[in-house]
Each structure stands twice: as C-alpha cells, then as structure tokens.
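Chain by chain, the residues run as shown.
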Amino acid sequence: MWNPPDREVFFAIVWKITQQIPEGLVMTYGQIAAMIPPPGDTTPDVYERMGSRWVGQAMNNTPEGQGVPWQRVINSKGGISLLAGSRAAEQQRHLLHTEGVEFNEKGLIDFNIYGWDGPDADWLKANDLYPPPSMKSDDPQQLNLF
DNA sequence: CGTTTGACTACGC
DNA sequence: CGCGTAGCCAAAC
C-alpha cells in the first residue's frame, strides 16, 4: 500500500498522538492526520486526501505491548473501519465498550459525547503538531432519553 | 513480473 | 442519505 515519505517516522508520530487519547474517548483518522505537518515533499492538498489513509496504515502496524490504544481511533462517521464482523473489529468494539464508549442505534459513536479534540496547546507546541478540527456537531445534541 | 489490495475522506451526484 | 471516485504507492499475491 502507499506510504507516507519517512514511513517509520510518520508512524511513530501517529502512535505518539494515539497514546495521548484519554480512556473512554476517541479520535478519527482524519483528525490525527490533520495534526501532523505534511511529511517530506508531500503537498498540503495531497496530504489532506491521503493523510487519513496513512494513519490507517500506522494503526495496522501498531507495535504490541507498548500501550498504544489503537481502539480509540475510528473513522469520520464514528464507526469502526475494520472489516465488519472480523475478529479484530469485534475486539475493538469490546475494548471500547469496556472503556465506557457506547454505540448508538446506528452502530456509531457520538462525537458530541466521546469525541476528543486533541491534546492541550502546550503538548502540541512541544511536539510541533497542529490542533485537530473538532468532530463535535455545532447544533446541540438532542437528548433522546425517556 | 503484472495485478490486486488496502484501519480513509471529501466531494459530486 | 447512499454510492462512486480520486488521490497515489509499497507489498502481498
């Protein structure tokens, strides 16, 4: 599959960001990609379209045993991108559930409740990263309880 | 070797 | 709201 320039370096940054995601919250591939400056000679417009897929590759190559909460990275729709019904997809859903992240009736995660808008400004500055765009909806979430 | 295949997303119908 | 497509390339087949 396609890879970003400096594959290993890019992956390491993705994993580092992923480790910042608090338990019980989630970020999207696109958000993480938006935080990382375009690597190598990648132009911003190409990066905007390819970044999220590269983040997906980083997740696919997540090193085990290093505490990278890969399950907290989901797609822009709020769903799991792994093949539906696969062992890995079920594990991701299970891990998120044990963290308290719940799926709505459409099988999607509500960003207004579980979405994380990134690390604080100091951390971003220290790591030369940009703040990610928020995935939270502008209009207030309607409470459908009762 | 030539083909297929992706942990994605924005955009146009 | 659903579906197709571009973007763009290293590996596995």
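For the structure, see preceding data.
Keep in mind it's a predicted model, so treat the numbers as computed, not measured.

Some details on helix α1 (residues 7-18)
Residues spaced three or four apart along an α-helix point in a common direction, a consequence of the helix completing one turn every 3.6 residues.
Then, in step 1: If you check α1, its first and last C-alpha atoms are 16 Å apart, about what twelve residues at 1.5 Å a residue would give, namely 16 Å.
Then, in step 2: Buried residues along α1 sit in contact with α2 (29-35), α3 (44-60), β2 (73-74) and α6 (121-126).

Describing the packing of α1 against α3
Then, in step 1: It is the contact of α1 with α3, at a shortest axis distance of 9 Å, that shows an interaxial angle of 75 degrees. One finds that α1 runs roughly perpendicular with respect to α3. Seen from α1, the contacting residues are Phe10, Phe11, Val14, Trp15 and Thr18; seen from α3, they are Tyr47, Gly51, Trp54, Val55, Gln57, Ala58 and Met59.

Some points on the side chain of Thr28
Then, in step 1: Position of Thr28 among the secondary structure elements: in strand β1 (residues 27-28).
Then, in step 2: The class for Thr28 is buried, based on a relative accessible area of 2%.
Then, in step 3: Within the structure, the side chain of Thr28 is placed 3.0 Å from the backbone nitrogen of Gln31, a separation counted as a polar contact.
Then, in step 4: Those residues within four positions of Thr28 in sequence are excluded, and the remaining contacts are Val73, Ile74, Asn75, Ser76, Phe111 and Met135.

A closer look at the pattern of salt bridges
Then, in step 1: Taken as a whole and judged by the stated rule, the model has four salt bridges.
Then, in step 2: The partner of Arg72 in a salt bridge is Glu99, and the shortest N-O contact between them spans 3.0 Å. Of this pair, Arg72 sits in the loop between α3 and β2 while Glu99 sits in the loop between α4 (87-98) and α5 (111-114); the two residues are 27 residues apart in sequence, bridging distant segments of the chain.
Then, in step 3: Judged by relative accessible area, which is 15%, Glu99 ranks as buried.

Conventions we followed
Residues numbered from 1 in each chain as written. Chains lettered and ligands numbered in written order. Predicted model: local features only at pLDDT ≥ 70, side-chain atom pairs only at ≥ 80, totals over all residues. Heavy atoms only, no water. Helix = DSSP H or I, 4+ residues; strand = E, 2+ residues; numbered from the N terminus. Expected span 1.5 Å × (residues − 1). Contact = heavy atoms within 4.5 Å. Axes fitted to C-alpha atoms, helices over the stretch in contact; angles between N-to-C directions. Parallel < 35°, antiparallel > 145°, perpendicular 65-115°, else oblique. Buried < 20%, exposed > 50% of the residue type's maximum accessible area, 1.4 Å probe, protein only. Polar contact = N/O pair within 3.5 Å; in protein donor to acceptor, adjacent residues only side chain to side chain. Salt bridge = Lys/Arg side-chain N within 4 Å of Asp/Glu carboxyl O.

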